[in-house]
Amino acid sequence: MINKSMEKAASIIGRSNYVSCLSGAGISVPSGIPAFRGEGGLWDCYDPMEYAHIYTFQKDPEKIWLFMKELYNLVSIAEPNNAHIAISTLEQKDKVKSVITQNIDNLHQKAGSKNVIEFHGNLYRLVCLRCKNLYQFDNQAIKGCLPKCGACSSVLKPDIVFFGEAIPRPVHIKAKEVVAQTEVLLVVGTSCTVVPASSIPFEVKRNKGKVIEINVTPTIISDHVADITLLGPAEDILPELLDKVLMLH
Ligand code: ZN
């Protein structure tokens, strides 16, 4: 069954001129980064609705920074897995044109993907909310108690979208442009429940595009939105799908 679906997915991708990918936390779990809703790891100790909420940052930045340093330590040692690498290879072969990721872990970029829209920002950047200066989040930045802006001394915030914050407008516009051109959307490792990224598969569908879903378990898009659902670990399925797409050429 999955083989037949895989063949079909490969043929849809092979025929398309504009394939995009929407990725979520599930793709990075095999790299050692636990998903918010997943079991175990960091989120057992830190409730994301508290520690990734802008209100908490404004009220108690020190508390958030203690957590951010732990998150950084986890993310900075993570390596891309075969799912990230397969997507990057599809981009090199000019199949995947763009990756819209909800992840902040930089793993698509580490795998070599060039055209990545960071829907929820990037943990490796820091931003000053007052003067908008950007800084690099590295070991130097996490040494001090609270990283501060060199220009205005405000406490820096990781340049990621916290709960309670909107997606930055330029990012949203860029994503909309990609979605409008997308003929085939690969949905990888996301349950499509966090707005507004969750609306992307629906938009592609409305534009008469095809949606291919790769997730470990069925999601809200499996029944009515996805044309094909390949259930299983993305790090196994994507390399196989890649091979099948390459065999078509
Ligand atoms: Zn500043």
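Not measured: the values here are computed from a predicted model.

Scoring rules and cut-offs
- Residues numbered from 1 in each chain as written.
- Predicted model: local features only at pLDDT ≥ 70, side-chain atom pairs only at ≥ 80, totals over all residues.
- Heavy atoms only, no water.
- 1 Å grid on protein atoms, 1.4 Å probe; cavity = no way out; pocket = protein on both sides within 12 Å on 5 of 7 lines; lining within 4 Å.
- Points joined across faces, edges and corners; volume = space filled by probe spheres on them.
- Helix = DSSP H or I, 4+ residues; strand = E, 2+ residues; numbered from the N terminus.
- Nonpolar A, V, L, I, M, F, W, Y, C, P; charged D, E, K, R; others polar.
- Domains from an automatic or database assignment.
- Salt bridge = Lys/Arg side-chain N within 4 Å of Asp/Glu carboxyl O.
- Buried < 20%, exposed > 50% of the residue type's maximum accessible area, 1.4 Å probe, protein only.
- Contact = heavy atoms within 4.5 Å.
- Pairing = 2+ DSSP bridges.
- Axes fitted to C-alpha atoms, helices over the stretch in contact; angles between N-to-C directions.

Caption draft 1: Here's a closer look at empty space enclosed by the protein. The tally for this structure, following the rule as stated, stands at one cavity of 30 Å³ or more. Computed from the structure, the largest cavity encloses a volume of approximately 40 Å³. Forming the walls of the largest cavity are Thr101, Asn103, Asp105, Asn106, Leu107, His108, Gln109, Val116, Glu118, Gly121 and Asn122. Element by element, the count of residues in the lining of the largest cavity is highest for helix H7 (residues 107-110), at three residues.

Caption draft 2: Expanded view of the layout of surface pockets. Taken as a whole, the second largest pocket holds about 320 Å³ of empty space. Considering the residues around the second largest pocket, the lining is formed by 18 residues, among which Gly121, Asp159, Val161, Pro168 and Val171 are closest to the centre. Elements with a contribution of two residues or more to the lining of the second largest pocket: strand E3 (116-118), strand E4 (121-127), strand E6 (157-160) and helix H9 (169-181). Of the residues assigned to the lining of the second largest pocket, the class counts are 10 nonpolar, one polar and seven charged. Shared between two domains, the lining of the second largest pocket holds at least three residues of each, these being domain 1 (1-32 + 80-120 + 167-249) and domain 2 (34-77 + 121-160).

Caption draft 3: Structural detail: the pattern of salt bridges. For the structure shown, the criterion picks out eight salt bridges. The salt bridge partner of Lys63 is Glu50, with a shortest N-O separation of 2.4 Å. With Lys63 in helix H5 (residues 61-76) and Glu50 in helix H3 (residues 48-51), the pair connects residues that are 13 residues apart, well separated along the chain. Its salt-bridge partner being Lys205, residue Asp227 comes within 2.7 Å of it at the nearest N-O pair. Pair noted here: Asp227 is in the loop between strand E8 (210-215) and strand E9 (228-231) and Lys205 is in helix H10 (residues 200-206), with a separation of 22 residues, a long-range link. Here the salt bridges share partners, and the residues they tie into one network are Glu118, Arg125 and Asp159.

Caption draft 4: Seen up close, unusual backbone geometry. Cis peptide bonds are those with omega within 30 degrees of zero, and the linkage from Val195 to Pro196 qualifies with 0°. With respect to the helices and strands, Pro196 occurs in the loop between strand E7 (184-188) and H10. One non-glycine residue with positive phi stands out, namely Asn106, at about 70°. Its place among the elements puts Asn106 in the loop between strand E2 (96-101) and H7. Taking the relative accessible area as the measure of exposure, Asn106 reaches 18% and is therefore buried. Positioned with a positive phi, Cys192 is a non-glycine residue whose angle comes to about 55°. Within the secondary structure, Cys192 is located in the loop between E7 and H10. With relative accessibility at 2%, the residue Cys192 sits in the buried group.

Caption draft 5: Summary view of the environment of Val188. Here Val188 lies in strand E7. A C-alpha to C-alpha distance of 20 Å links Val188 and Ile160, two positions 28 residues apart in sequence. Setting aside anything within four residues of it in sequence, one finds Val188 in contact with Cys21, Leu22, Ser23, Gly24, Ile27, Ile87, Ile214, Asn215, Ala234 and Leu238.

Caption draft 6: Summary view of the sheet that holds E8. Strands sit in the order E3-E2-E1-E7-E8-E9 across an open sheet of six strands; the sheet is parallel. Pairing within the sheet leaves two strands with one partner each, and these edge strands are E3 and E9. Within this sheet the neighbouring strands show an average axis-to-axis angle of 15°, counted without direction. Sheet topology places strand E1 (residues 19-23) next to E2; five bridges connect them, and they run parallel.

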